[in-house]
Every structure is written in C-alpha cells, then in structure tokens.
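So you can see what is in the structure, the chains are spelled out below.
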Amino acid sequence: MRASSLFMTRALGALLLATVLAACGFQLRGSNGSYNMPFQSIHLAFGETSPLGNELKRNLRALDTVRVVNKPEEAQARFEVVSEARNKAILSLNNLGRVREYLLGYTLVFQVRDASGQLLLGPTEITLHRNLTFSENEVLAKEGEEALLYRDMQSDLVQQIIRRLAAIKT
C-alpha cells in the first residue's frame, strides 16, 4: 500500500513539473526544428550518391528558410567537404584474445564559404564514436547493428552540421 502511494506521489509530481514547464513556454533551442540560417541559398559539395549529403539536403529543404542549389555560382554559401572518414578499431579482447568490442568512428571535416570565396566557417571537424559489442556466433546480426550505428551517427552528424550552419555570423 505504501509503495503505491509513493509511486502516485512521484507520478503526480512529474506531471505537475511537465505541466509547469509546458505552460511557461520552455523549449530547448532548436528543438522545434526551426533554425534561422544566415543565408538564403546553399550549395552542398557532396557526391550525388553520398548518404550523408542526401540526408543533409533533405533536412535543409525541410527547414523552408534555405534553398539548396545545384550550382555553386547560384549559392550565397558553399558547404565544402574537406574529408570524410569512417573507421573501426578494436576496443577490447576476451580472455582468448578474440575481439569482444569495437569502437566505430565517423569523422567529417568541412568548411563554409560565401559567394565571393571568403570563409564563413573555417575547417570544422566533427567526430562521433559508438561502441559495438561483437560475437563470433552472431556475425550477420552484428554487421546489421554496425550499419545501424553508422546511420545513427550520420543522422547525429547532420543535426550538428545544421546547428553549426545556423550559428554562422555573416
């Protein structure tokens, strides 16, 4: 009986806190998906088949505040990829010397220039890491999990890029 009343008190407290925060208009910055970009058009220097480039294009087009153009001459800002790399390193071994855990990494270095070629954002590096446990008995499942982790890192990378683009001072 006492445990259920404690649970009800905590649940009521959490509900009250959520109501107060919602009523005061509290919202995490950028959490509503609207960013004020300091330019109206941008060119993304990714290959046509780049998964990262396609996801970034899709997210920028969803903003409705910036136009993604195909020709660099038509853009007020040019997003240039300096380097993009994925890597996989052994993080730990089991007692037999076999891999137990990998560390996956995704690194992107980019810069942004204006229409005249001046740097708006100097070379910026974003590096993300995820741990992947490994089992020799589940190789196929772990390959799928690895692909899923890279897609998750890619989505996280796109959100970080958009926040950094929105923070550019022109």
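Above this note sits the structure.
Parameters at a glance
- Residues numbered from 1 in each chain as written.
- Predicted model: local features only at pLDDT ≥ 70, side-chain atom pairs only at ≥ 80, totals over all residues.
- Heavy atoms only, no water.
- Helix = DSSP H or I, 4+ residues; strand = E, 2+ residues; numbered from the N terminus.
- Rg over C-alpha atoms; globule rule 2.2 N^0.38 Å.
- Core = buried A, V, L, I, M, F, W, Y, C linked by side-chain atoms within 4.5 Å.
- Buried < 20%, exposed > 50% of the residue type's maximum accessible area, 1.4 Å probe, protein only.
- Pairing = 2+ DSSP bridges.

Asks: Can you walk me through the overall build of the chain in this structure?
Replies: Each helix and strand counted, the chain has three helices and five strands in total. Ordered by position from the N terminus, the helices and strands of the chain form the series α-β-α-β-β-β-β-α. Relative to the 2.2 N^0.38 estimate, which gives 15 Å for 170 residues, the radius of gyration of the chain is 22 Å and therefore markedly larger than a compact globule would have. Principal axes of the C-alpha set define a box for the chain whose edges measure 70 × 55 × 25 Å.

Asks: What is the right way to read the nonpolar core from this model?
Replies: Note that soluble globular proteins tend to have their nonpolar side chains buried in a common cluster. Of all hydrophobic cores here, the largest spans 34 residues; its most connected members are Met37, Ile42, Leu56, Leu60, Phe79, Ile161 and Leu165. Listed by contribution, the elements that provide at least two residues to this core are strand 1 (41–45), helix 2 (51–63), strand 3 (77–93), strand 4 (99–114), strand 5 (119–133) and helix 3 (139–166). For this core, the element with the highest residue contribution is helix 3, accounting for eight residues.

Asks: Please clarify how the pairing of strand 4 should be interpreted in this entry.
Replies: A regular strand carries its side chains on alternate faces of the sheet. Judged by how many residues are buried, strand 4 sits mostly within the fold: twelve of 16 residues are covered. When strand 3 meets strand 4, the two strands line up antiparallel, connected through 15 bridges. Across the sheet, residue Ala85 finds its bridge partner in strand 4, namely Thr107. If you look at the hairpin formed by strand 3 and strand 4, you'll find five residues sitting between the two strands, and Gly97 has a positive phi there, around 85°. Of the strand pairs in this sheet, strand 4 and strand 5 are connected by twelve bridges, and their pairing is antiparallel. For Leu103, the partnering residue across the bridge sits in strand 5 and is Asn131.

Keep in mind that these numbers describe shape and distance, not what the molecule does.
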